[in-house]
Structures are given as structure tokens and as C-alpha cells.
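# Observations on the three-dimensional arrangement
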Amino acid sequence: MAILVTGGAGYIGSHTCVELLNEGYEIIVLDNLSNSNDEALRRVKEITGKQFKAYNVDLLDKEHVTDVFRENKIDSVIHFAGLKAVGESVSDPLRYYKNNITGTITLCEVMQQYGVKKLVFSSSATVYGASGNVPITEETHLGATNPYGRTKQMIEEMLRDVYRSDQEWSIALLRYFNPIGAHKTGRIGEDPNGIPNNLMPYISQVAVGKRQQLQVFGIDYPTRDGTGVRDYIHVVDLAAGHIKALKKIQYANGVDAYNLGTGKGYSVLEMINAFERATNQTVPYCIEERRPGDAAICYANPSKAKRQLGWQPIRGIDAMCEDTWRWQYNNPNGYEKVTKTNKASKSPVQLHAADFLSR
């Protein structure tokens, strides 16, 4: 029986595929490659030496999602697929609601049709909104403040309703804080389209000379140095959290939410200093006005995940910076040399294991 990984060619998805394969799981990847590249999947094969199937299918295409389930024996699903840029969600909310919510509905309908009722859902700390109480626990009031966050919050509520209607379902809701870093080989990492939305890829692109300087938004917050504080977690530790959650849903029905963070906060200036220290690179920056809606401090209380899943992060800020830089230095333009699979195809394109050989 296989684990279906939707969005498996993306940043967190590809790292989770590596961890799944290294743990001996059989995986099947479903990704429409709208914000990812199938080169990442070829490199997952290279890193692990394992083979797997991947399908170029959009979750809004129910017919071909059904084909994937019909052609394979799927036991559980890890659901990453979704649009994820906060700013873009504000400017184009209907696209986000249609893609993220309708896509998840389609996935759950097909899962139900085939009796697959084990799901790990990629949620986000954005469901908490601008909570002023730290550390944030799973019981903190939910109040997403942008369309992206609201899609995650609505999907969480929808999945709870699915379980209430059928208590054979077992669902883990994983609320990520701020994933950074890359695989230690430097072969896979974060490859944002256009201008990065997050701090660390922006820092690394400045360091590699792709961008002139970093903009630091706000220097007057009530924090140690006046800049915003966030909880950063290594993407490989985050991927390991999915393995722990997957193991739990195999034997325990129900719905549970878990914070995946380190429980520590670092300011923007501390992140810049840590990156410079770990990489011997200089990161020029300028101070700008605060952005509307940004919280001063946000970090997790991850004790529930440690207690119930047996998970805790093991990589510190130096490893996060070193691994980010190794990826960025070796891939200054990400996966740009690779031509993406044709997204205009009306039929699912299956990328077989043989296609994943390193180039």
C-alpha cells in the first residue's frame, strides 16, 4: 500500500518524500507543477536511490484524481497541494478559495469513494492570525487575517466535519510555523517563483547576488532589537513531523491539530546575523516602514507534538542557515534549467521512476 503525496514536488513536499522513502514507504506523488518543478522529483530519486510514480494532475480535475486512485493501492494521503502566497491571496482571493478548498473537497470525495480515510493535512500557523499571546498553543483562538490563512482554517473545520460524519476517518492537522533550510546534500531546497515572500530565501538570494539588498519591515516593534520575531524550523525536521503524524493516524481515529515549530523566536536582525555567521557572506539591508498586519512576536508551543507524536526538532539555527546557503550557492537560480512538464495537457501525465534519473 502506498502513501499519496499531493504537492510532492514542492518545497516541503519534496523533503517529505525523501524522508518517507528513507523510512521504507512506497509513495505516489500528485502535483500539477504550477508552483514546483519535476526536477525536484528527479533529485529525490537521486538522493534516495528509490523509485516511485508521479502524476501531473490538478486536484480540481476529479476525473484524473480518480484515475490515480483507481490505478494504485493507496492507504493514506499527505496533502500539501495548494496555493500559499499571502499577498497574492489578498489580491486574488477567489483563486485561492477555489483552488485550496475545492481541491481538498475533491480529494476527500475520491478518498471516501475508495475507502481511504487516513489524512495528514498541511495547515499553517496563519490560522492563528495576529495572536498577541505567545507561545501559541493548539488551543489559541483561530482568527486568520488573510484569504490564504482562511482557506487553511476553513479546510481544518471542514475536515473536522468530515470526521463527525464518519468516525472511521483519522486526520492530523499540522500547523507549520516558518520552514527554512534545505536537504544537507544541497540538491533540493526552496525555489520560489519571482520575488520571495519569506525572509530566508530573500536573504540567501541577496547573499548570492541575485538581489541587491533585503528590506527589513519595521524597526520599532517591542522586541529585543525592534524587528519582528518568528519561529523558524528546519524543513527536514518539519518533514520528520509528517512521518510521526502518519504513524499516529494508522492506529488512532479522530482529528487532532499539532504545532510544528521549535518553540524559539528569532528576530529579523538575528536571522541576518546568524546567516552571515554561518556562511561568511554579507547581507546588506535597509529599514522600511512596518507592513500592515504583521505581528511583533510569533512562536509556537510544540509540546503537544512532542507528547503525542514523539516528535521534536533537532536542527538549530546554524544548520538552517548553512543548509539554505548550500542549496542557494549550488543552485543560484533554483531549478531554472529544467523545462517543466506541459501543464496544458488534458490527460494526466505520469512520470515514471525511469524519468527521475539524475542528469
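- Looking at an unreviewed UniProt entry, one finds the chain named UDP-glucose 4-epimerase and attributed to Virgibacillus salinus.
- Under the heading Cofactor (unreviewed entry), UniProt records this for the chain: "NAD(+)".
- Per its UniProt entry, the chain bears the Catalytic activity (unreviewed entry) comment "UDP-alpha-D-glucose = UDP-alpha-D-galactose".

## Some thoughts on the overall build of the chain
- Summing up its helical and strand segments, the chain has 11 helices and 15 strands in all.
- Relative to a compact globule of 359 residues, whose C-alpha radius of gyration would be 21 Å, the chain shows 19 Å and is just as compact.
- Judged by the C-alpha coordinates and their principal axes, the chain covers about 55 × 45 × 40 Å.
- Out of the 359 residues in the chain, the part that is buried amounts to 55%.
- Taking as baseline every contact in the chain between residues at least 6 positions apart, the subset at least 24 positions apart corresponds to 81%.
- Within the chain, the 40 negative side-chain charges are centred at a point lying 3 Å from the centre of the 41 positive side-chain charges.

## With respect to the pairing of strand E6 (residues 170–176)
- Burial analysis of E6 places seven of its seven residues in the buried class, the great majority of the element.
- Of the two faces of E6, the one lined by Ser 170, Ala 172, Leu 174 and Tyr 176 and the one lined by Ile 171, Leu 173 and Arg 175 are each fully buried.
- Sheet topology places strand E5 (residues 118–124) next to E6; seven bridges connect them, and they run parallel. Directly across from Ser 122, in E6, lies its bridge partner Leu 174.
- Each parallel crossover has a hand, and for E5 linked through helix H6 (residues 147–165) to E6 it is right-handed.
- Relative to strand E11 (residues 254–260), E6 runs parallel, the two being bridged by seven bridges. Paired with Ser 170 across the strands is Gly 254, a residue of E11.

## Description of the sheet that holds strand E9 (residues 229–230)
- As summarised here, the arrangement of the three strands in space is E12-E9-E14, forming an open sheet in which the pairing is mixed. Both outer strands of the open sheet, strand E12 (266–267) and strand E14 (297–298), are each paired with one neighbouring strand and no more.
- Here E9 runs beside E14; their pairing, made up of two bridges, is parallel. The residue of E14 that forms the bridge with Val 229 is Ile 297.

## Let's talk about the packing of aromatic side chains
- Scanning all chains against the criterion turns up five aromatic pairs.
- Here Phe 275 and Trp 325 contribute two aromatic rings whose centre-to-centre distance is 5.9 Å and whose plane-to-plane angle is 85°, an arrangement assigned as edge-to-face. With a gap of 50 residues between them, Phe 275 in helix H9 (residues 268–279) and Trp 325 in helix H11 (residues 317–330) connect regions that are remote in the sequence.
- Residue Phe 275 is classed as buried on the basis of its relative accessible area, which comes to 0%.
- According to the relative accessible area criterion, Trp 325 is buried, its value standing at 12%.
- Geometrically, the ring pair formed by Trp 325 and Tyr 329 is tilted, given 5.7 Å between the ring centres and 50° between the ring planes.

## Some thoughts on the pattern of salt bridges
- Per the counting criterion, the structure on display carries 20 salt bridges.
- Among the ionic pairs, Glu 88 bridges to Arg 95, the shortest N-O distance being 3.3 Å.
- A relative accessible area of 35% places Glu 88 in the partly exposed class.
- We classify Arg 95 as partly exposed; its relative accessible area is 38%.
- By sharing partners, the salt bridges in this structure join Asp 38, Glu 39, Arg 42 and Arg 43 into a single network.

Rules used throughout
- Residues numbered from 1 in each chain as written.
- Predicted model: local features only at pLDDT ≥ 70, side-chain atom pairs only at ≥ 80, totals over all residues.
- Heavy atoms only, no water.
- UniProt positions renumbered as here; feature names shortened; annotations may be inferred.
- Helix = DSSP H or I, 4+ residues; strand = E, 2+ residues; numbered from the N terminus.
- Rg over C-alpha atoms; globule rule 2.2 N^0.38 Å.
- Buried < 20%, exposed > 50% of the residue type's maximum accessible area, 1.4 Å probe, protein only.
- Contact = heavy atoms within 4.5 Å.
- Lys, Arg positive; Asp, Glu negative; His and termini not counted.
- Charge placed at Lys NZ, Arg CZ, Asp CG, Glu CD.
- Pairing = 2+ DSSP bridges.
- Right-handed = clockwise from strand over helix to strand, strands pointing away.
- Phe/Tyr/Trp six-rings, centres within 6.5 Å; stacked < 30°, edge-to-face > 60°.
- Salt bridge = Lys/Arg side-chain N within 4 Å of Asp/Glu carboxyl O.

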